[in-house]
Amino acid sequence: MKSGKIWGTTELIETTDCFEFHRIEFKANVCCSEHYHKTKWNGFYVESGSLLVKVWQDEGEGATVDKTVLRQGEYFKVGPGKWHQFIGVDDGVAFELYWSKFDTDDIVRRTQGKRLEPVQTERNIGNPLTDLNHE
């Protein structure tokens, strides 16, 4: 389903719990809002036309703004937490992707694995719901 925006249209093609894929049609000399995503990456692949992507590297007066112009066949991505905005340089079509990075270091340990003495077997383990919790 296509949704109208001030800058053109967006059409959701696919969505999952960690990925979105949109086709956007953008207009020349029109921009989206300045925004950021808390946890999502935002990627842009231009099929036709030209798209300017601005990314603020810091905040406040005199902030550094990186500007990247994407033309047909070019791709650019913006990381989570980065203020960004796109502007149509001329009319065009792009594919916009959103995804969350899987954190491979997300485990929080309360204890470390260890050998239990004596070695626990089915024959001498007792009640595993109570015995192993009390050392």
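Rules used in this analysis
- Residues numbered from 1 in each chain as written.
- Predicted model: local features only at pLDDT ≥ 70, side-chain atom pairs only at ≥ 80, totals over all residues.
- Heavy atoms only, no water.
- pLDDT = per-residue confidence, 0-100.
- Helix = DSSP H or I, 4+ residues; strand = E, 2+ residues; numbered from the N terminus.
- Pairing = 2+ DSSP bridges.
- Salt bridge = Lys/Arg side-chain N within 4 Å of Asp/Glu carboxyl O.
- Contact = heavy atoms within 4.5 Å.
- Phe/Tyr/Trp six-rings, centres within 6.5 Å; stacked < 30°, edge-to-face > 60°.
- Buried < 20%, exposed > 50% of the residue type's maximum accessible area, 1.4 Å probe, protein only.

Give me the lowdown on the confidence of the model for the protein chain, citing residues and values where you can.
Residues of the protein chain with pLDDT of at least 70 account for 87%, and the chain-wide mean is 87. Strand β1 (residues 2-5) is the least confidently modelled element of the protein chain, averaging 92 in pLDDT, while strand β6 (residues 75-78) averages 98, the highest of any element.

Which residues make up the pairing of strand β3 (residues 19-26), and what values do they have?
Bridge count for strand β2 (residues 8-15) against β3 is 7 bridges, and the pairing is antiparallel. Within the sheet, the bridge partner assigned to Thr10 lies in β3 and is Ile24. Between the antiparallel neighbours β2 and β3 lie 3 residues. Two elements, β3 and strand β7 (residues 84-100), share 8 bridges in a ladder whose sense is antiparallel. Across the sheet, residue Phe21 finds its bridge partner in β7, namely Leu97.

Can you explain the pattern of salt bridges? Please cite residues and give values.
Under the defined criterion, the tally for this structure stands at 3 salt bridges. The residue Glu25 makes a salt bridge to Lys2 at a minimum N-O spacing of 3.2 Å. On the criterion of sequence distance, the pair formed by Glu25 in strand β3 and Lys2 in strand β1 is long-range, its members being 23 residues apart. Between Lys40 and Glu20 there is a salt bridge, with its nearest N and O atoms 3.8 Å apart.

Explain the side chain of His22 to me, using residue names and the numbers behind them.
Mapped onto the elements of the fold, His22 is located in strand β3. Excluding residues within four positions of it along the chain, His22 makes contact with Thr10, Glu11, Leu12, Ile13, Ala94, Phe95, Glu96 and Tyr98.

Quick one: what's the story with the packing of aromatic side chains, residue by residue and with numbers?
By the definition in use, this model includes 6 aromatic pairs. Both rings, one in Phe21 and one in Phe95, keep their centres 5.5 Å apart while their planes meet at 15°; by these two values the pair is stacked. Of this pair, Phe21 sits in strand β3 while Phe95 is found in strand β7, placing the two residues 74 residues apart along the sequence. On the basis of relative accessible area, Phe21 is assigned to the partly exposed category, the value being 23%.

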